[in-house]
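# Report on the structure
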Amino acid sequence: MRKLSSVFASVLLSVSALFAGTAAAQSLNVDIVGGLKTATPIAVVPFAQAGGAPLPTDVADVIRNDFNRSGKFRSLAKSEIVETPSKGSDIKFPTWRLLKQDFLTIGRISDAGGGMLRVEYELWDVNKQQSMLAQAFTAPAGDLRGVAHQIADQIYEKITGVRGAFWTRIAYITAVGLGNNTTYALIVADSDGYNPQVVARSRESLLSPHWSPDGKKIAYVSFESGNSAIYVQDITTGSRQLVSARPRGINSAPAWSPDGSKLAISLSYSGNPEIYVMDVASRQETRLTKTLSINTEPVWSPDGQSIYFTSDRSGRPQIYQTPASGGGATRISFQGQNNLSADVSYDGKQIAMVQGNGNVYRIAVMDRSLGGQVRFLSPGPIDESPSFAPNASMLLYAATEGRRGVLYAVSADGQVRQRLVLSDGDVREPSWGPYRQR
């Protein structure tokens, strides 16, 4: 069984054969684990359909599942929905008060002509008997999941004041097969694991996918040439660029700057792995670290002014922060024996990391606005690769269960976990994409 401390070393020494990619875009099996009894109760009534053939997507089910995995809401079970209003005039508020629901979502779907559907929804405050939202979407039947995620986002934002992140995408690496017959792939899917699409395939390991801030490109590491190399894949055009393939040493851990013009990377052609910033257009490199230790896994602060990275300069892997323009590095992680693989929330207040104590590695979040207070979001024993949703309401991470690699999406309070499993392979290295343009 793989230990996280060995992962740190193996990536740096270019001998990683991590659980990564897949040959086909197989769907992930999804289970929601746990729940929060104090979450806000909300009912999502099945949307009425005005004639036509059965639809491929149950819009209300998608919305309901989005709410349940967020940790903020607790959706009324479909089996407990005793009335099915489709517009405000149909609502009998005493029924929903008896069911102890604070909010009610209703909707209807009709033919909009030209192969399109019209999806209308309303959000109601049950106690005040007031309408809070009433909007409509027009889309083909094949896009109903996306419409459902957008509705969930709008309702989430209306109630919480925070932009929802259900209509986003995730990237991950899968591996199918054994030994020399293993096939790897970089996959992009909806935030809930549905609609997987293959972005890149290889007979050699793929690692470290990272989204560009506009959501159009993914930087990643491939061993397809025999040595590590960093590529940028345009997922809108299918084109690919090789951005770093120095034959001596490793090329690893790409991370986009907030403006999308630069990549922070780890290179070892000068000796031990060091952090560099590369201008993507010119390929010009600026070296940020110069030590006798291992420096890797860079990630930018949201304002682009500094970079967090993992270094063992203190004897064990810890998280450090350095100015993006160059300068001295400051250690910021002190709790636990090992801390590595940092990711930063959109507001810079929270830093997720893998914290190791003995043989147990868990996902920890350090809140810098609370004096560095740390909370754990995963049970271990081998959890890794944390990645925040763009609103920091949820976090993706990879876990090892027996010999299998799986993913979890966990709510920010740690109370709800969504398990994503590949039926006949391993899934690893998750990266949560940015908001899509509205």
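Each remark here, short or long, concerns the structure printed above.
What you are looking at is a predicted structure, and each value in this text was computed from that prediction instead of being measured.

Ranked by internal contacts, the top residues of the largest apolar core, which has 26 residues, are Phe47, Val59, Ile63, Phe67, Ile151 and Ile155. Looking at this core, the elements that each hand over two or more residues are β2 (40–44), α2 (59–70), β5 (103–113), β6 (116–125), β7 (130–140) and α4 (144–160). Here this core takes seven residues from α4, the largest share from any one element. Among the nonpolar cores identified, the runner-up in size contains 18 residues, and Leu28, Val176, Ala389 and Trp432 belong to it.

Paired through their backbone hydrogen bonds, the strands of a sheet run either parallel or antiparallel. Across the sheet, which stays open at both edges, the four strands sit in the order β23-β24-β25-β26 with antiparallel pairing between neighbours. If you trace the sheet from one side to the other, it starts and ends with β23 (338–344) and β26 (373–376), each paired once. Each strand of the sheet is rotated relative to its neighbour by a mean of 30°, with strand direction disregarded. Strand direction decides the pairing type here: strand β24 (residues 350–357) and strand β25 (residues 360–367), joined by eight bridges, are antiparallel. Within β25, the position partnered with glutamine 350 by the bridge is aspartate 367.

Another aspect to go through is the sheet that holds strand β9 (residues 183–190). In space, the four strands of this open sheet follow the order β10-β9-β8-β31, with antiparallel pairing throughout. A strand with exactly one partner marks an edge of an open sheet, and here the two such strands are β10 (197–202) and β31 (426–432). On average, adjacent strands in this sheet sit at an angle of 20° to one another, irrespective of strand direction. Strand direction decides the pairing type here: strand β8 (residues 169–176) and β31, joined by five bridges, are antiparallel. In the sheet register, threonine 174 faces β31, and the bridge partner there is valine 427.

The next subject is unusual backbone geometry. In this structure, the amide linkage connecting glycine 380 to the following residue, proline 381, adopts the cis form with an omega of 5°. Within the secondary structure, proline 381 sits in the loop between β26 and β27 (383–388). A positive phi angle, near 60°, is found at serine 341, a position not held by glycine. Tracing the chain through its elements places serine 341 in strand β23. Here glutamate 429, not a glycine, exhibits a phi torsion of approximately 55°, which is positive. Along the polypeptide, glutamate 429 turns up in strand β31.

The residue isoleucine 173 is located in strand β8 in this model. Separated by 226 residues in sequence, isoleucine 173 and alanine 399 place their C-alpha atoms 13 Å apart.

Parameters and conventions
- Numbering of residues starts from 1 in every chain and runs along the sequence as written.
- With pLDDT at 70 or above as the cut-off, local features in this predicted model cover only qualifying residues; side-chain atom pairs require 80 or more to be listed or tallied, and sums for whole chains, interfaces and linings still use all residues.
- With hydrogens and water set aside, each side-chain value is computed from the structure's full complement of heavy atoms.
- Among buried residues, the Ala, Val, Leu, Ile, Met, Phe, Trp, Tyr and Cys ones that are joined through side-chain atoms within 4.5 Å form a nonpolar core.
- Only protein chains enter the accessibility calculation, which uses a 1.4 Å probe; a residue is then buried when its area is under 20% of its type maximum, exposed when over 50%, and partly exposed in between.
- Secondary structure elements are taken from DSSP: a helix is a run of H or I of four residues or more, a strand is a run of E of two residues or more, and numbering for both begins at the N terminus.
- Between any two strands, at least two bridges found by DSSP are needed for them to pair.
- Axis definition: a line fit to C-alpha positions, over the contact stretch in the case of helices; interaxial angles, taken between N-to-C directions, run 0 to 180 degrees.

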